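Remarks on the overall topology
Listed here are the chains, written in short residue letters.
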Amino acid sequence: MLTFKLTNLDAMFNVIIMRPANILLLFIDWTLVSIYFIICFQSPNAFIYDYYIHYINMFYRKIIINGIISIHYSYFNMKFSIGTKEKCDVFAHIFQTIKSLTDITNICFSKERMFIQTMDKMSISICEVSLDKDWFTEYVVDDCEEDEDITIGINVAIFCKILNVRGDKSTIQCSFDSEEDRLQLNVLSGSNAELDKVFGIPLVDIDPNYLDIPDTDYNANVTLVSKNWKQTVDEIAQFGDIITITCNGEGFTLEAANDDTTMKTLLPNEKLVSYEFSYECDEDDDEDNADFSISSGYSSRYLTIIAQGSKWSSNVSVHITENMPIRIVYSIDENSYVNMFLAPKMD
């Protein structure tokens, strides 16, 4: 005989927002259960219907649960979806990189874009993420003025753990209702071999202080293939805690050293996508001197983390001025990017 496990109503009503359409679906669900009990008590051969009724009940319960997900997703202050594997991978990997820098972060949703600015625990690097609304399959921010944004704080480790359970054909849905204290994230399957997964993520209260980073004229502006940049940084990082980057008119050089070994790699102009170098000479300097150069050292650990952005973009832009934070930019598309800033080692 079929047995039923009673559901805790408090827990159920915490999950299901009590709006009219949700109440109707819940009523239909319990009506099916009631019909089953009536058949059992009225018919002496009720047991022959057990599995049939059980199948029907479970079928409609699946429809109801999916309906609740859809209805809940339609009541929102913010929602977005990502419908391709490539973009889901980029989205998840961006947050994996952020997790390497910090435990918690704010996400700011305006009508035009999703924006993150976060600083690492040592306060030597800044990560900025800007994803334009057109990058998403769906992106809607409601109930806010033009000059107002929706800002929510999350635990990055929890967020990454959820993103990692997606399958190869999964898509991502995310929504936020200001009446709740959770972010809802749905990982929806794209095949019969996978199951839909619904998560409620607790929010974190973080003071939304954003740094106003001024535009800077850099001495060296380099664009190169991001995979080459990653390979070079990964290799040279094995030979020292500090990577020294030197730029001059011929190209730029990466160098590291430890007690036993030194490694130096020259990236000449012809192996770069583009390279611009300018140096403001003093009055006493010979302007024809080709040996003008700038040099700064940066943490090899942080440069290695930043170099993981090769999965977001085919090219990377590196901007350097002596004794100033290096700026590394990955352009995801025409209007979306990841900006990374890393402070130099000061003697």
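Values in this document were obtained by computation on a predicted structure and should not be read as measured data.

Once that is clear, we can look at the overall build of the chain. Counting its secondary structure elements, the chain contains seven helices and 18 strands. A buried classification covers 43% of the 347 residues belonging to the chain. Residue pairs at least 24 apart in sequence account for 62% of intrachain contacts in the chain once pairs closer than 6 positions are excluded. Total accessible area on the chain stands at roughly 19600 Å², and carbon and sulfur atoms take up 50% of it.

With the rule as written, the count across this model stands at ten aromatic pairs. Measuring from ring centre to ring centre gives 5.1 Å for Phe80 and Phe136, while their planes differ by 50 degrees; the resulting arrangement is tilted. Remark: Phe136 occurs in the loop between strand 4 (125-132) and strand 5 (138-141) and Phe80 occurs in strand 1 (residues 78-82); sequence separation between them is 56 residues. An identical accessibility class is assigned to Phe80 and Phe136; each is buried. Plain terms: the ring middles of Trp312 and Tyr330 are 5.3 Å apart, the flat faces sit at 75 degrees to each other, and that makes the pair edge-to-face. Remark: Tyr330 occurs in strand 17 (residues 326-333) and Trp312 occurs in the loop between helix 7 (300-307) and strand 16 (315-320); sequence separation between them is 18 residues. Here Trp312 matches Tyr330 in class, with each residue buried.

Another point: the nonpolar core. Ranked by internal contacts, the top residues of the largest apolar core, which has 71 residues, are Phe91, Phe95 and Trp229. In terms of residue count, helix 4 (residues 85-99) provides more of this core than any other element does, seven residues in total.

Whenever strands of a sheet pair, they do so through backbone hydrogen bonds, lying parallel or antiparallel. Across the sheet, which stays open at both edges, the four strands sit in the order 13-12-11-15 with antiparallel pairing between neighbours. Pairing within the sheet leaves two strands with one partner each, and these edge strands are strand 13 (262-268) and strand 15 (293-299). Recorded for the sheet is a direction-independent mean angle of 20 degrees between the axes of neighbouring strands. Relative to strand 12 (residues 251-257), helix 6 (residues 226-236) is tilted by about 25 degrees, and along the sheet it contacts strand 11 (242-248), strand 12 and strand 13. Taken strand by strand, helix 7 contacts strand 11 and strand 15, and its axis lies near 90 degrees from that of strand 15.

This part takes up the pattern of salt bridges. Throughout the structure, instances matching the rule amount to six salt bridges. Where Glu112 meets Lys133, a salt bridge forms, and the shortest distance between an N and an O atom there is 3.5 Å. Taken together, the positions of Glu112 in the loop between strand 2 (104-109) and strand 3 (113-119) and Lys133 in the loop between strand 4 and strand 5 put the pair 21 residues apart, joining distant regions of the chain. Classification of Lys133 by relative accessible area gives partly exposed; the value is 31%.

Moving on, we get to the sheet that holds strand 8 (residues 182-188). On the basis of which strands lie adjacent, the open sheet formed by five strands has the order 5-1-7-8-9 and antiparallel pairing. In this open sheet, the two strands that pair with only one neighbour each are strand 5 and strand 9 (197-202). Direction aside, neighbouring strands of the sheet carry axes that sit 15 degrees apart on average. Pairing geometry for strand 7 (residues 171-176) and strand 8, over six bridges, is antiparallel. Bridge pairing in strand 8 links Ile172 to Val187. Along the sheet face, helix 4 touches strand 1 and strand 7 and points at about 120 degrees away from the line of strand 1. Strand contacts of helix 5 (residues 156-163): strand 7, strand 8 and strand 9, with the helix running at about 20 degrees to strand 8, the strand carrying the most contacts.

Of all eight residues in helix 7, six are buried, a share of seventy percent or more. Where helix 7 is concerned, the buried positions are Ser300, Tyr302, Leu303, Ile305, Ile306 and Ala307. The N-cap residue of helix 7 is Ser299: its side-chain oxygen and the backbone nitrogen of Arg301 are 3.4 Å apart.

How each quantity is defined
- Residues numbered from 1 in each chain as written.
- Predicted model: local features only at pLDDT ≥ 70, side-chain atom pairs only at ≥ 80, totals over all residues.
- Heavy atoms only, no water.
- Helix = DSSP H or I, 4+ residues; strand = E, 2+ residues; numbered from the N terminus.
- Buried < 20%, exposed > 50% of the residue type's maximum accessible area, 1.4 Å probe, protein only.
- Contact = heavy atoms within 4.5 Å.
- Areas by Shrake-Rupley, 256 points an atom, 1.4 Å probe, with all protein chains shown as cover.
- Phe/Tyr/Trp six-rings, centres within 6.5 Å; stacked < 30°, edge-to-face > 60°.
- Core = buried A, V, L, I, M, F, W, Y, C linked by side-chain atoms within 4.5 Å.
- Pairing = 2+ DSSP bridges.
- Axes fitted to C-alpha atoms, helices over the stretch in contact; angles between N-to-C directions.
- Salt bridge = Lys/Arg side-chain N within 4 Å of Asp/Glu carboxyl O.
- Polar contact = N/O pair within 3.5 Å; in protein donor to acceptor, adjacent residues only side chain to side chain.

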